[in-house]
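In case you want the letters, here they are:
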Amino acid sequence: MRVLVAGATGAVGRQLVPRLEAAGHEVVGLSRRGPRPVDVLDAGAVRRAVAEAAPDAVVHQLTDLGAADGNANNRVRVEGTRNLVDAARGAGVGRIVAQSISWAYAPGDGPADESVPLDPTDEPPRSRIVAGVRALEETVAELPEAVVLRYGILYGPGTWYAPGGAVAAGDPAARFLGSTAADDAVSSFVHVADAAEAAVRALTWPSGAYNVVDDEPAPGHIWLPVLAEALEVPAPARSDGGAAWARGAVNARARALGWAPAHPSWRTGFADRDPG
């Protein structure tokens, strides 16, 4: 299969491209950097790039997180996804695999599965985040075969949770993820290598949404000390409370199709220096 990877130089993209090639796919990369940069917000440039690549499928791994600017990331989710889907349709591409997130679900008891609706909140900034996620997922669903991968919080090489990353450095931008308090808010994680492996497998999955998370959702007061130890930084003090929507997610649907995380828990994954 000829696969166009949008976001080929990102944290997931760098893990994904070699896996696709190892699986026998022909890969064309699309990103803002590299020998032929393409801005996903430039509809004409995206249309030309996709038409030239003439892929059988598109994998959408585009984000804009470098400056911890929620509006910039939302533009990629909304406008960038629209440009990519329109370009794919114009080039006769019927299959897309797109990166989404697993922490946009409505509040409730216990980790969420894919039947839980997205959060209907109208309170910013969460309302803007969820609106961007909803726009992305609805836009890719316009293609005949659309798989949405709702990733957990990404850790591993190239992420904010890697040694030397924003969390280890105490960068205030890390608060953009809303996941640096040792409180009761529950998070689900996934190693970038496991996220990439899911994207490879998703090229043959039925249309729909899939949580791509590890096996152990946990509150911040449990996982943050483990991360701090792995990063060799001071552990944060325990705090009370936590966002009601922060409930984690379950991966049973993806597991039923044969995907399983090689890093089943952040407990060992945080300290693993193997890139994948």
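Please refer to the structure placed before this passage.
The rules behind each value
- Residues numbered from 1 in each chain as written.
- Predicted model: local features only at pLDDT ≥ 70, side-chain atom pairs only at ≥ 80, totals over all residues.
- Heavy atoms only, no water.
- 1 Å grid on protein atoms, 1.4 Å probe; cavity = no way out; pocket = protein on both sides within 12 Å on 5 of 7 lines; lining within 4 Å.
- Points joined across faces, edges and corners; volume = space filled by probe spheres on them.
- Helix = DSSP H or I, 4+ residues; strand = E, 2+ residues; numbered from the N terminus.
- Nonpolar A, V, L, I, M, F, W, Y, C, P; charged D, E, K, R; others polar.
- Phe/Tyr/Trp six-rings, centres within 6.5 Å; stacked < 30°, edge-to-face > 60°.
- Buried < 20%, exposed > 50% of the residue type's maximum accessible area, 1.4 Å probe, protein only.
- Lys NZ or Arg CZ within 6 Å of the ring centre and 35° of its normal.

**Q** Give a description of empty space enclosed by the protein that names residues and reports values.
**A** One simple way to see leftover space: roll a probe sized like a water molecule over the atoms. As enumerated under the stated definition, the model contains two cavities of 30 Å³ or more in all. Estimated volume of the largest cavity: approximately 50 Å³. Among the elements that line the lining of the largest cavity, the one with the most residues is strand 4 (residues 95-101), at three residues. Of the residues contributing to the lining of the largest cavity, the split by class is three nonpolar, three polar and one charged. Size it by volume and the second largest cavity reaches roughly 30 Å³. If you trace the second largest cavity, you find it lined by Leu30, Ser31, Arg32, Val38, Val40 and Leu62. Looking at side-chain class alone, the lining of the second largest cavity contains four nonpolar, one polar and one charged residues.

**Q** Let's hear about the packing of aromatic side chains: which residues, and what values?
**A** One pass over the full model with this rule turns up nine aromatic pairs. Note on Tyr155 and Phe270: the rings are 5.0 Å apart at their centroids and 80° apart in plane angle, and the pair reads as edge-to-face. Placement of the pair is Tyr155 in strand 6 (residues 153-155) and Phe270 in the segment after helix 8 (266-269), with a sequence separation of 115 residues. No difference in accessibility class separates Tyr155 from Phe270, as the two residues are buried. Ring geometry for Phe189 against Trp223: centres 4.7 Å apart, planes inclined by 75°, an arrangement best described as edge-to-face. A residue pair is termed long-range when its members are at least 10 positions apart, and Phe189 in strand 8 (residues 189-191) and Trp223 in helix 6 (residues 220-231) qualify at 34 residues. Judged on exposure class, the residue Phe189 and its partner Trp223 are both buried. We note Arg126 situated over the ring of Trp245; from NZ or CZ to the ring centre the distance is 3.8 Å. The ring of Tyr210 has Arg253 sitting right over it, with the charged end atom 4.3 Å from the ring centre.

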